[in-house]
Amino acid sequence: MPVITIAGNDGISIEKKREMVKKVSEVVADAYDLPIEAITVLVQAYPKESIGVAGGLLSDRE
């Protein structure tokens, strides 16, 4: 059973998460030739102050 982890900042809506999980699950199920029920997707959301990019915090870019 494939497990896909998607990590990013916490600015995505629940509707967009549903859409993303569905699309990713379909692609992975097709690639592995498995039913979509065999695919698990974990969405990890981090606050911008917990993400570092180019040596600085993402929250400092705003």
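Coordinates for the structure precede this section.
Rules behind the numbers
- Residues numbered from 1 in each chain as written.
- Predicted model: local features only at pLDDT ≥ 70, side-chain atom pairs only at ≥ 80, totals over all residues.
- Heavy atoms only, no water.
- Pairing = 2+ DSSP bridges.
- Helix = DSSP H or I, 4+ residues; strand = E, 2+ residues; numbered from the N terminus.
- Right-handed = clockwise from strand over helix to strand, strands pointing away.
- Expected span 1.5 Å × (residues − 1).
- Buried < 20%, exposed > 50% of the residue type's maximum accessible area, 1.4 Å probe, protein only.
- Arc of directions from axis to C-beta.
- Contact = heavy atoms within 4.5 Å.

Caption draft 1: Inspection of the pairing of strand E2 (residues 40–46) at higher detail. In this sheet, E2 lies alongside strand E1 (residues 3–9) in parallel orientation, the contact comprising seven bridges. When the sheet's bridge partners are listed, Gly-8 is paired in E2 with Ala-45. Of the crossover connections in this fold, the one passing from E1 over helix H1 (residues 14–32) to the parallel E2 is right-handed.

Caption draft 2: Molecular detail of H1. In a regular helix each residue adds 1.5 Å, so 19 residues correspond to 27 Å; H1 covers 27 Å between its end C-alpha atoms and thus fits that length. When H1 is considered as a whole, its buried residues turn out to be Ser-25, Val-28 and Ala-29. Buried residues of H1, seen end-on, are gathered within an arc of 100° and therefore sit on one face of the element. Residues Glu-15, Val-27, Asp-30 and Ala-31 are exposed on H1 and point more than 90 degrees away from its buried face. Packed against the buried residues of H1 are E1 and E2. Just downstream of H1 lies Asp-33, where phi reads positive at about 55°.

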